[in-house]
Structures are given as C-alpha cells and as structure tokens.
Amino acid sequence: MKKAVLLILSFVLAFTLAACSGGSNTDVTGGVKIEKVSDMEGTVRVALAGWQLENGIDALTGNPVIGLNEYLDKTFKIMYPNIKLEVYQIPWENVKAKQSAMLLSGDADVLYTGGAFASQWYQDGLLRDLDDLIANDSSFDPGIYLEGIMNNSYSTKSPDGTKQFGIPAVLGRRMTIYDKKLFEDWGVEPLSAKPGPDEILEKAKKMTGKNPKTGEDNYGLFWSGNSLNGSTFVALTLAYGAKGAEGTLKDVKSIKWHLNSPEMVKVLEWLKEAAKLPPAGFVNAQGAENFGLEKNNIAIALDSTGGSTMSEYRSKQNKELLDRFEPVMNMGPDGEGWVAVDPFIMAKNAKDVEASWEVLKFLSGHMTQKYRYENFSSTPTLKNADFVTPEDKYVKKALEIAEVGHSELMDEANPFYMSDIAPAINGFISQAASGNAPDIQKFLDDLQSRAEKWSANLK
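Quick caveat, the model's predicted, so the values are computed rather than measured.

1. Things to note about the overall build of the protein
Secondary structure assignment for the protein yields 18 helices and 14 strands. For the protein, whose C-alpha radius of gyration is 23 Å, the value lies close to the compact-globule estimate of 23 Å for 459 residues. Dimensions of the protein, computed from the C-alpha atoms along their principal axes, are close to 70 × 65 × 35 Å. Looking at the 459 residues of the protein, the share that counts as buried comes to 52%. Residue pairs in contact within the protein that sit at least 24 positions apart in sequence constitute 76% of those at least 6 positions apart. In the structure as shown, the protein presents an accessible area of about 20,500 Å², 51% of it carried by carbon and sulfur atoms. With 48 positive and 61 negative side-chain charges, the protein shows a spacing of 3 Å between the two charge centroids.

2. Here we look at the packing of aromatic side chains
We describe a pair of aromatic rings using the distance from one ring centre to the other and the angle between the two ring planes. Per the counting criterion, the structure on display carries 23 aromatic pairs. Just above the ring of Trp-51 sits the side chain of Arg-372; from NZ or CZ to the centre is 4.1 Å.

3. Some points on the packing of helix H9 (residues 197-206) against helix H11 (residues 262-274)
Following both chains from N to C, one finds H9 and H11 inclined at 15°, their axes separated by 11 Å at the closest point. Compared by their axis directions, H9 and H11 come out roughly parallel. Crossing of H9 over H11 shows left-handed handedness. Of H11, the residues touching H9 (which contributes Pro-197, Asp-198, Ile-200, Leu-201 and Lys-205) are Trp-270, Glu-273 and Ala-274.

4. As for the side chain of Thr-75
Within the secondary structure, Thr-75 sits in the loop between helix H2 (68-74) and helix H3 (76-79). Note on Thr-75: relative accessible area 0%, which makes it buried. The contact partners of Thr-75, leaving out residues within four places of it in the chain, are Val-28, Thr-29, Ile-34, Phe-362 and Met-367.

5. As for the sheet that holds strand E14 (residues 341-346)
One open sheet accounts for 5 strands, arranged E4-E1-E5-E14-E6; its pairing is mixed. Looking at the sheet topology across the chains shown, the edges are occupied by strand E4 (83-90) and strand E6 (166-171). Averaged over all pairs of adjacent strands, the angle between strand axes in this sheet comes to 20°, irrespective of strand direction. Bridge count for E6 against E14 is 5 bridges, and the pairing is antiparallel. In the strand pairing of E14, Val-170 is matched with Asp-342.

6. Some words on helix H18 (residues 440-456)
Taking 1.5 Å per residue as the helical rise, H18 with its 17 residues ought to reach 24 Å, and the 24 Å between its terminal C-alpha atoms agrees with that figure. Taken residue by residue, H18 has Ile-440, Phe-443, Leu-444, Leu-447, Gln-448, Ala-451 and Ser-455 as its buried positions. Within H18, the buried residues cover an arc of 135° as seen down the axis, which keeps them to one side. Counted as exposed and oriented over 90 degrees from the buried face of H18: Lys-442, Lys-453 and Ala-456. Looking at the packing, one finds that the buried side of H18 touches strand E11 (256-258), H11 and helix H17 (415-433). Measuring from the backbone nitrogen of Gln-441 back to the side-chain oxygen at the start of H18 gives 3.4 Å, which picks out Asp-439 as the cap.

7. Describing the pairing of strand E12 (residues 298-304)
Most of E12 sits inside the fold, with 7 of its 7 residues counted as buried. Pairing of strand E7 (residues 175-179) with E12, which is carried by 3 bridges, proceeds in the antiparallel orientation. Residue pairing across strands places Ile-177 opposite Ala-301, the latter belonging to E12. Pairing of strand E9 (residues 217-222) with E12 involves 3 bridges; the strand directions are parallel. Of the residues in E12, the one forming a bridge with Phe-222 is Ala-301.

8. Section: the sheet that holds E9
With mixed pairing, 5 strands are arranged side by side in an open sheet as E8-E9-E12-E7-E13. Strand pairing shows two members of the sheet lacking a second neighbour, strand E8 (209-210) and strand E13 (325-328), which therefore form its edges. Running over the sheet, helix H16 (residues 393-403) touches E7 and E13 and is turned about 15° from E13.

9. Topic: the environment of Gly-337
In this structure, Gly-337 sits in the loop between E13 and E14. For the pair Gly-337 and Asp-73, spaced 264 residues apart in sequence, the C-alpha to C-alpha distance is 38 Å.

10. Examining the pattern of salt bridges
Per the counting criterion, the structure on display carries 24 salt bridges. Through salt bridges that share partners, Asp-137, Glu-358 and Lys-361 make up one connected network.

11. Here we look at the nonpolar core
Among the nonpolar cores identified, the biggest contains 142 residues, and Leu-221, Phe-233, Trp-270, Leu-271, Ile-300 and Ile-421 are the most heavily contacted of them. Counting residues per element, this core draws most heavily on H17, which supplies 9 residues. Setting aside residues no more than four positions away along its own chain, Ile-300 makes contact with Thr-176, Ile-177, Tyr-178, Phe-183, Leu-191, Ile-200, Ala-204, Met-207, Gly-220, Leu-221 and Phe-222.

Definitions and limits used
- Residues numbered from 1 in each chain as written.
- Predicted model: local features only at pLDDT ≥ 70, side-chain atom pairs only at ≥ 80, totals over all residues.
- Heavy atoms only, no water.
- Helix = DSSP H or I, 4+ residues; strand = E, 2+ residues; numbered from the N terminus.
- Rg over C-alpha atoms; globule rule 2.2 N^0.38 Å.
- Buried < 20%, exposed > 50% of the residue type's maximum accessible area, 1.4 Å probe, protein only.
- Contact = heavy atoms within 4.5 Å.
- Areas by Shrake-Rupley, 256 points an atom, 1.4 Å probe, with all protein chains shown as cover.
- Lys, Arg positive; Asp, Glu negative; His and termini not counted.
- Charge placed at Lys NZ, Arg CZ, Asp CG, Glu CD.
- Phe/Tyr/Trp six-rings, centres within 6.5 Å; stacked < 30°, edge-to-face > 60°.
- Lys NZ or Arg CZ within 6 Å of the ring centre and 35° of its normal.
- Axes fitted to C-alpha atoms, helices over the stretch in contact; angles between N-to-C directions.
- Parallel < 35°, antiparallel > 145°, perpendicular 65-115°, else oblique.
- Left-handed = near helix turned anticlockwise from the far one by under 90°.
- Pairing = 2+ DSSP bridges.
- Expected span 1.5 Å × (residues − 1).
- Arc of directions from axis to C-beta.
- Polar contact = N/O pair within 3.5 Å; in protein donor to acceptor, adjacent residues only side chain to side chain.
- Salt bridge = Lys/Arg side-chain N within 4 Å of Asp/Glu carboxyl O.
- Core = buried A, V, L, I, M, F, W, Y, C linked by side-chain atoms within 4.5 Å.

In structure tokens form, the structure reads like this:
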C-alpha cells in the first residue's frame, strides 16, 4: 500500500515539475494560425498584478494551466518579433504600493491592475489618455467590449466621462445565487429573474431555522459583512435610489452629499433586518465555505461568484451542483450592482508609446481573454465572449450584469467612500448582527457631517 502511494505521489510530482519547467504541446491560440503582424521595434515594460507567468497546476481543479510566458512565446512574440517584453509579476497583496512606485519612477509602460488604483492614478496625473491611439488605429474596435464597463466605469474612463484611460480586461463576478434544493425543502417560490432587496429579504426569512426535511440548521442569506468596497451596500443604494452623493470625482470638493436621505435610511433598515439571517461569521466574510457545494446550508448568497460550483464541475463533470445553484441578476432596478473591472493602462511617460499600445491592446484583446478564461477562469469583458463554455452560467450572468452596469459616487473610486463610508457601513452591519444597531438617522447624520467636512477641507 505504501509503495502504491509513493508511486502516485512520484507521478504527481513529476507531472507538476514537467508542467512547471518545460513547454507544453497545448494549443493556446484556439486553432488560430499565428503570423507576423509587424516589424515594429521597441521595448515595453509590463507590470502585471497577479498573473501567473509559468506553467503549473490549477489548485482548485487539478488541471494543468499554461503560464503567460509560454502563451506570449506562441503568440505575441511571433506577431511582433522585434518588440522586446520585460514582464514583471506583482502579487495582489502589495500591488498598489509597488505599481505606484513603478509609475512614479518611470519603470513601467503598460500595467494591469485593480480598477480603483487605476482611477486614483489617473486623477494623480500618472496615466496616459488612450483616445488618440484608439482613434488612429483602425484595427482596434472599442465596440467589442461591454458598454457598461467600457464607457461607464471609473476604472476605464476619466471622472467626467470624456477620456478613455483604460481598456477593461477582467471582470469581477458579483451576482445573486440561490440554492434550488433549499428552496424546495422549505416550499419557497424560486427567486425572480431580477429580485430586489424586498423579495430577497422576505424569502430569506422563510428559510432561516431548522430545515423541515433534513432537520439541519439553515441560513436564509449570506453576504460578506466586511467587504472593502461594500459591494452589497452599493447594490442596495441602486435598488432604493439612494444616490448618497451628486457631482463628479473631477471636482470632489464640490460633491453634494445625500448620505442621510430617506432612501439611505431604507438601505440601512434593510441591512439591520438582514443582518439577523446569515451565520455569525459573515461579519468577517466567513460561514459560506460550503456555498455552491453539496453540504451547503445557505439559501441565498449575495455578490457571489459561482466559482466553487464551476470548479467542481470542471474537475468532476458533475452537473448536479450546476443545476442546483442558480444565478440571477443583482439588486439594482435593471439587475445591476457594483461591477469590479480590472483594466490595462499606460503610464503617462511610457517610453515607446507605439509599441506599448500594441502590447496593451493585445493583452486586453479577444485572444488573451480567451486564454485567461480557459486557463484561469478569468471573467471576460467582451460583448461576444464566444469561448465561454455553455455550462458556465455564472460568467454569462456576470456579463449580463456588467452590460447594464455603471459607476456612481458610491464607488471605490471615490476616496471618501473607501476611507469612511465603506468602513462605517461594515461597522453598522457588525453592530446590527449582534443586536446593537445604532439609531439609523443619527448614524447617517453623523456620516453626512463627516462627508461635508471632508469636502470642505480639501485643497
């Protein structure tokens, strides 16, 4: 028995080393014949947040994945043999500090990063507008990207919406997903295609307690109670028409705050009531480890991804879980919610703009998005993501939500939202979960006062 185990382990190790060290015979181009496009010369320094450069094994599915280096060898370096790429991989944990330093010191030309960071760097004057490059390049079609995130996102457009500084490359998945089995156990009608917060709360309350069929404890609802960007809160503000603020990030000093409006009161009343329903650990984003899996005990998850269910399907080809966990639109009037977008951007002082543009549009284009989806399950930003597998209903739903998405001032690109509003809301949720929610109007009046002082003190 020991010998058999050692043989298996040896095989796995050998397979892993082979995948990590050598090339592969995998076709990363989808059958597209790669030919030289241009003799353009140049050197482009590319700083990538979190991308895997070497071949390896997907930790969730156990499937082999092709790293960026091999992908580039088989594609870009054939298309542009005289453009030298200097690629730097930066872990997400310290990406803002590292990429900020690279931009300030002029050590990067093209970057892939988080949308909030890109928006801030643009406002700090560190990024180049892309409009002239787009206008002068007939081979680039901005219409291939989802309208909601290409033209209505602070991650890609200037605060006044007139300039394009980023090209959307990866979409964040946040949708409402419910467990059809638990709904059936409790005899509750399935969620509608675009369930608002009132429907969700009503049905979640009916499924909190002892499951009538299994006798196990069930929780009607889950969301991350300590989300840095407060995505569930953002969806609620859209649903209840609670703008929170009016104005533009181009002139934050002149923002008019409406944080203590009647509509915002409704948002917090919902949060206060809903905070009684999830498992206690939700205030620290815990308690939903089994959501999307066989042992799940949560009926509805907000701002969920479907990632666990799809990983199970990819590794075992079992459709039962796929049929059980159903995605629907987010809580906004048109099914919208907060949509995370990670873009490619160009440094203001990029050394070789022409070559940098070729690299940027290639890394954010159809072929690369297909490669990223197939190897790393990255969610594309394309209107026609024809490479998404028919079974992947979670990515398809995320694309539907993104198509109607739009940035508002209740957004991570707003400095006061990130520094004060999101942490305050998370604190309110934590207090509500323990039965000690503060007076809502007083809480919001205080937040309004802090926001007004913040704007007044800006230089």
